[in-house]
Amino acid sequence: MPTIDLTGKVAVVTGSGRGLGLAYAQALAAHGASVVVNDVDEDAAGQAVKSITEAGGTAVAEVVPVGTAEAADRLVGRAVEEFGRLDVLVTNAGILRDKVLWKMTDEDFDAVITTHLRATFTCARAAAVRLREQGEGGTVVLVGSPAGQRGNFGQTNYSAAKAGIAAMARTWSMELSRASITVNAIVPVAATAMTETIPALAPYAEALRNGQPLPDFLRKGEGFGTPEDCAALVPFLASDAARGITGQCIGIGGDKVALWSHLQEIRVAYADGGWTSDALADAWPTSVGAEPQTVGIPAPKIPEA
């Protein structure tokens, strides 16, 4: 039996009709929480609720596209209407509109920023208002991505949104600490429709769908697994065992869990009286610029056959 007990707690999980969001909702319910499932697809939301209730959990669906303040209020209001309170918010909803910079349209950019970044803001704001009114603390879990930590080719909109979400988690952890509300960002890596677009991982995702287990070099070396592998982190962060954890970016996937570092200066140099352009050109190669940082998500290390 699980020792993490969320009985009596109420959670809202955005984008939880399928994939990672569904896994989060199911995990919260399995630990005793009542869950408001959110999705834009009514059938997916209904099937998600059915999967939870048939397993003995409690859930209702609220079908609405996130992004607006009205949608956020509806989600928080549904939790209060159905279950009397709110304790946990998980902002998982997301879409992709991948294109390189010179081909990305305003609509491509705005759609992803609205669904990921603006929806995270509006939902967290509505949740913070309710949690502060209740005066009993709470949990906000934001969903980030390795793309937000390192950038990713063809994902200007997505990487920017996920980087902003990490910054929001750190900012809100300070703003909400006096109300005993923890705010963390999780950085999941799992076989989903999004990751199946990575050519090196596509064959393994297909094999997984056919019932074959993922090899250890992916589960351990790459931290790549199923959505269910990532789900355990959410009930943990919502539990009393994690009351002291806030403002963190925590990666999880496969057999791996990791703590992402905050951005910080790694090398510095000084010039008396300030820097000139010529002085920077002379000093850069042997001082601050001696070891430039890498960019992008490292390619999976696939063993040779």
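Just above, that's the structure.
In short, a report on the structure.

Let us look at the overall build of the protein chain. When its secondary structure is counted, the protein chain shows 11 helices and eight strands. Seen through its principal axes, the protein chain has C-alpha atoms that stretch 65 × 50 × 40 Å. For the protein chain, the residues scored as buried account for 45% of the 305 residues in total. Across the protein chain, contacts joining residues at least 24 apart in sequence account for 68% of those joining residues at least 6 apart. Across the protein chain, the 24 positively charged side chains and the 34 negatively charged ones have centroids separated by 2 Å.

The next point concerns the sheet that holds strand β5 (residues 138-143). Read across the sheet, eight strands follow the order β3-β2-β1-β4-β5-β6-β7-β8 without closing on themselves; strand pairing throughout is mixed. The two strands at the open ends of the sheet, each matched to only one other strand, are β3 (58-63) and β8 (256-260). When strand polarity is set aside, the average angle formed by the axes of neighbouring strands in this sheet is 20°. With four bridges connecting them, strand β6 (residues 181-188) and strand β7 (residues 249-253) associate as parallel partners.

For the rest of this paragraph, the subject is helix α3 (residues 69-83). It helps to recall that an α-helix has 3.6 residues per turn; residues three or four apart then point in one direction. Between the first and last C-alpha of α3 there are 21 Å, a value that for 15 residues agrees with the 21 Å anticipated at 1.5 Å per step. Among all positions in α3, only A71, A72, L75, V76, R78 and A79 are buried. For α3, the arc enclosing every buried residue in end-on projection is 150°, short of the 170-degree limit, so these residues lie on one face. Turned more than 90 degrees away from the buried face of α3, the exposed residues are E70 and E81. Among the structural elements, β1 (10-13), β2 (34-39), β3 and α4 (106-134) are those in contact with the buried residues of α3.

Let us look at empty space enclosed by the protein. All chains considered together, the criterion is met by one cavity of 30 Å³ or more. If you add up the space inside the largest cavity, you get close to 30 Å³. As for the largest cavity, its lining consists of T14, V66, T91, A93, T115, H116, A119, T120 and C123. If one sorts the elements of the lining of the largest cavity by residue count, α4 sits on top with five residues. When grouped by side-chain class, the residues that make up the lining of the largest cavity number four nonpolar, five polar and no charged.

By the element assignment, T139 lies in strand β5. Overall, T139 belongs to the buried group, its relative accessible area being 3%.

Mapped onto the secondary structure, Q155 falls in the loop between α5 (146-150) and α6 (156-175). With relative accessibility at 8%, the residue Q155 sits in the buried group. Within the local environment of Q155, its side chain forms a polar contact with the side chain of N152, the two groups lying 2.8 Å apart. Beyond its immediate chain neighbours, meaning those up to four positions away, Q155 contacts L96, D98, K99, A147 and A160.

In this section: the environment of R132. Inspection of the secondary structure assignment puts R132 in helix α4. The class of R132 is exposed, set by a relative accessible area of 57%. Distance in space between the C-alpha atoms of R132 and R178 is 9.6 Å, their sequence separation being 46 residues. Excluding anything up to four places from it in sequence, R132 contacts L176, A179 and I181.

Moving on to the pairing of β3. Across six bridges, the pairing between β2 and β3 is parallel. Bridge assignment links S34 to a residue of β3, and that residue is T58. Once you follow β2 into helix α2 (residues 42-54) and on to β3, the crossover reads as right-handed.

Reading the values: rules and limits
- Numbering of residues starts from 1 in each chain and follows the order in which that chain's sequence is written.
- Local features are withheld for residues below a pLDDT of 70 in this predicted model, meaning they are given only at 70 or higher, and side-chain atom pairs are given and counted only at 80 or more; totals for whole chains, interfaces and linings count all residues.
- Only heavy atoms go into the side-chain values, all of them from the structure, while hydrogens and water stay out.
- Working definition: helices are DSSP H or I runs of at least four residues, strands are E runs of at least two. Numbering for both runs from the N terminus.
- The rule is simple: take the accessible area with a 1.4 Å probe, protein chains only, and divide by the maximum for that residue type; under 20% is buried, over 50% is exposed, in between is partly exposed.
- Contacts were defined at the residue level, with two residues in contact if any of their heavy atoms lie within 4.5 Å.
- Only four residue types enter the tally: Lys and Arg on the positive side, Asp and Glu on the negative side; His and the chain ends are excluded.
- A single reference atom marks each charge: NZ on Lys, CZ on Arg, CG on Asp, CD on Glu.
- Only when DSSP finds a minimum of two bridges between them are two strands counted as paired.
- Interaxial angle, 0 to 180 degrees, is taken between N-to-C directions of lines fitted to C-alpha atoms, where a helix line uses only the stretch in contact.
- One less than the residue count of a helix, multiplied by 1.5 Å, gives the span that helix is expected to have.
- What the arc measures is the spread of directions leading from the helix axis to the C-beta atoms.
- Both cavities and pockets are sets of points on a 1 Å grid over the protein atoms alone; in a cavity a 1.4 Å probe fits but cannot get out, in a pocket the set is open with protein on both sides within 12 Å along at least five of seven lines, and lining residues sit with an atom within 4 Å of a point.
- Grid points are joined across faces, edges and corners, and a volume is the space filled by probe spheres set on the points.
- Ten residue types, Ala, Val, Leu, Ile, Met, Phe, Trp, Tyr, Cys and Pro, are classed as nonpolar, four, Asp, Glu, Lys and Arg, as charged, and the remainder, Gly among them, as polar.
- Residues adjacent in sequence count toward polar contacts only when both atoms are side-chain atoms; beyond that, a polar contact is any pair of N or O atoms within 3.5 Å, and within protein one must be able to donate a hydrogen and the other to accept it.
- When the strands point away from the viewer and the path from the first strand over the helix to the second turns clockwise, the crossover is right-handed.

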